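# Notes for the structure review
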Amino acid sequence: MPLTKKEVGKLASLARIKLTEEEKEKFGKQISSILEYAEQVQEVDTSKVKSASHLPRRNDAFRNDQKTESDKVKEIIKQFPDKSGNLNKVKAVLD
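Let us look at the structure shown here. (Residues numbered from 1 in each chain as written. Predicted model: local features only at pLDDT ≥ 70, side-chain atom pairs only at ≥ 80, totals over all residues. Heavy atoms only, no water.)

### A few points about the overall build of the protein
How we decide: The helix and strand labels rest on DSSP assignments: H or I over at least four residues marks a helix, E over at least two residues marks a strand, and numbering proceeds from the N terminus. Radius of gyration: C-alpha atoms only; globule rule: 2.2 Å multiplied by the number of residues to the exponent 0.38. Each residue gets one of three labels from its accessible area relative to the maximum for its type: buried under 20%, exposed over 50%, partly exposed in between, using a 1.4 Å probe on protein chains only. By the convention used here, residues are in contact when the closest approach between their heavy atoms is within 4.5 Å. Per-residue and other accessible areas were derived by the Shrake-Rupley procedure at a 1.4 Å probe size, with only the shown protein chains allowed to occlude residues.
Check the secondary structure of the protein and you find three helices and two strands. Against the globule reference of 12 Å for 95 residues, the protein gives a C-alpha radius of gyration of 28 Å, more extended than a compact globule. When each of the 95 residues of the protein is scored for burial, the buried share is 7%. When contacts within the protein are restricted to residue pairs at least 6 apart in sequence, long-range pairs at least 24 apart make up 23% of them. As presented, the protein carries roughly 10,000 Å² of accessible surface, and 54% of it is formed by carbon and sulfur atoms.

Written as structure tokens, this is what we have:
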């Protein structure tokens, strides 16, 4: 069942978004399509699927932080067009 422009307008109002009439129609169709798909997914029989509330713990998920020295800093400084000592100069972003 497609959403009406009024329903889309209500959603837009809740989200603090201003939509034109054309956008309400376009997004109404898109949201309706998404909701129809969600209804189809809910109809899938999952009664034989095992619960996955406790996933196995991964051993490689964490690693210790290690400080390493890098010689790339000197390379980067050499390549930068405008520098002051060990610092790279850039244009000011804010006045």
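From this point, things continue past the structure.
### Quick word on the packing of helix H1 (residues 5-14) against helix H2 (residues 21-42)
Convention followed: Inter-axis angles, ranging from 0 to 180 degrees, are taken between N-to-C directions of lines fitted to C-alpha atoms, where helices are fitted over the stretch in contact. Each angle gets one of four labels, with under 35 degrees taken as roughly parallel, over 145 as roughly antiparallel, 65 to 115 as roughly perpendicular, and the rest as oblique.
Between H1 and H2, whose axes approach to 9 Å, the crossing angle comes to 95 degrees. Judged on the interaxial angle alone, H2 and H1 are roughly perpendicular. On H2, the residues that touch Lys 5, Val 8, Gly 9 and Leu 11 of H1 are Glu 21, Lys 24, Glu 25, Phe 27, Gly 28 and Ile 31.

### Points about the side chain of Lys 24
Along the polypeptide, Lys 24 turns up in helix H2. Since its relative accessible area comes to 18%, Lys 24 is described here as buried. When near neighbours in sequence (up to four residues on either side) are disregarded, Lys 24 contacts Lys 5, Val 8, Gly 9 and Leu 19.

### Structural notes on unusual backbone geometry
With glycine set apart, most residues show a phi of negative sign, and most peptide bonds adopt trans. Unlike most non-glycine residues, Arg 16 shows phi in positive territory, near 60 degrees. Residue placement: Arg 16 occurs in the loop between H1 and H2. Relative accessible area serves as the criterion here: at 74%, Arg 16 is assigned to the exposed category.

### Examining the pattern of salt bridges
Applied cut-off: Salt bridges, as used here, are contacts in which a Lys or Arg side-chain nitrogen is within 4 Å of a carboxyl oxygen on Asp or Glu.
One pass over the full model with this rule turns up four salt bridges. Between Lys 29 and Glu 25 there is a salt bridge; the shortest N-O distance is 3.8 Å. In this pair, Lys 29 and Glu 25 both sit in helix H2, four residues apart, roughly one turn of the helix. Through salt bridges with shared partners, a single network forms among Lys 5, Glu 21, Lys 24, Glu 25 and Lys 29.

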